[in-house]
Amino acid sequence: MSGFTKNLFSKIIVSMIVVFCSFNTFAAINTIDDAINKAGRQRMLSQRMVKSYLLLGLDVKPDKTRSQMDAAIELFEQQLKELEAYADNEELKQSLAVVRRHWSTFQKPMKQEYDRDAAKTLLTDVENLLAECENVVTILDREAGTSKAKLVNVSGRQRMLSQRIAMFYFAYALNIGTEKEKNSWQEASNQFENALKKLITAPENTPQISESLRKVNAQWKLSKSSFSLMDRDNFVPLIVQLTSDGILKNMDSITGLYSNL
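First, a word on what this report is: a plain description of the structure on this page. (Residues numbered from 1 in each chain as written. Predicted model: local features only at pLDDT ≥ 70, side-chain atom pairs only at ≥ 80, totals over all residues. Heavy atoms only, no water.)

1. Here we look at helix α6 (residues 147-173)
So, point 1. Under the 1.5 Å per step criterion, the end-to-end length of α6 is 39 Å for 27 residues, consistent within 8% with the ideal 39 Å.
So, point 2. Extensive coverage of α6 is indicated by the burial of 20 of its 27 residues.
So, point 3. A positive backbone phi angle near 65° is found at Asn-175, which sits one or two residues after α6. (Helix = DSSP H or I, 4+ residues; strand = E, 2+ residues; numbered from the N terminus. Expected span 1.5 Å × (residues − 1). Buried < 20%, exposed > 50% of the residue type's maximum accessible area, 1.4 Å probe, protein only.)

Shown next as structure tokens:
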């Protein structure tokens, strides 16, 4: 193994640990902004779980990858309980009940060994779970009705898109992605870039937020250079894993900063 590859492995492991530790804090929801933040994180976790499952198929640091996936499953369940406890109106309760019913079956394949057919099923099924989680965020965002809440929503959605883009990339690396997944990958990439531009120019930004967004922009440029190799069937899952987790870590911090404005 070359020195470069060893260094890259080390960075990925550190990135996984930092991201896990930053999320592994469970607390009751006290404000609408906190609810939007956690509901938005559920969107991200739906993509992160499947991304990790696909990464198992690529045999990229399987022990660390499975730990990452298990942590995402655990956090999704914990935050779902917190949102259910917070829900104070019938529309929100019903929306969360839909997520709960789907979640009970969705997680089962990920507790087994990697299977190619299961991976294909998860790629389809995760679209429904994402839509259900998105509906929860929409209800909360409408209830809040503030510009800050919208920034929390947009910023939080970037977390999801960072994992979604990597998820579809890994599907293609495994040769299980169809034209539909390719179109979804391109759409997610465009959405991420457009939202990043919007956040960078937001008048509410503090110097700390602006500096963090600058880092995300640099990481995004690195990701795009990796994606440019796809047309030649040259995949670099290690680098994409590293950059996607780096973007996720920074966007989660930024979302928290917007929530605390």
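After that view of the structure, there is still more to cover.
2. Examining the packing of helix α4 (residues 90-106) against helix α5 (residues 116-144)
So, point 1. Between α4 and α5, the least distance of the axes is 10 Å, while the angle of their chain directions is 160°. Judged by the inter-axis angle, α4 sits roughly antiparallel to α5. Once α4 is placed against α5, the crossing between them reads as left-handed. Between α4, through Glu-91, Leu-92, Ser-95, Leu-96, Val-98, Val-99, His-102, Trp-103 and Phe-106, and α5, the contact on the second element is made entirely by Leu-122, Asp-125, Val-126, Asn-128, Leu-129, Glu-132, Cys-133, Asn-135, Val-136, Ile-139, Leu-140 and Arg-142. (Axes fitted to C-alpha atoms, helices over the stretch in contact; angles between N-to-C directions. Parallel < 35°, antiparallel > 145°, perpendicular 65-115°, else oblique. Left-handed = near helix turned anticlockwise from the far one by under 90°. Contact = heavy atoms within 4.5 Å.)

3. Some details on the nonpolar core
So, point 1. Of all hydrophobic cores here, the largest spans 76 residues; its most connected members are Leu-54, Phe-76, Phe-106 and Tyr-258.
So, point 2. Those elements giving two or more residues to this core turn out to be α2 (32-57), α3 (62-86), α4, α5, α6, α7 (179-200), α8 (207-227) and α9 (237-259).
So, point 3. No other element matches the 13 residues that α5 contributes to this core.
So, point 4. Dropping the residues within four chain positions of it, Tyr-258 is found in contact with Lys-148, Leu-151, Val-152, Ser-155, Leu-199, Ala-202, Asn-205, Ile-209 and Leu-213. (Core = buried A, V, L, I, M, F, W, Y, C linked by side-chain atoms within 4.5 Å.)

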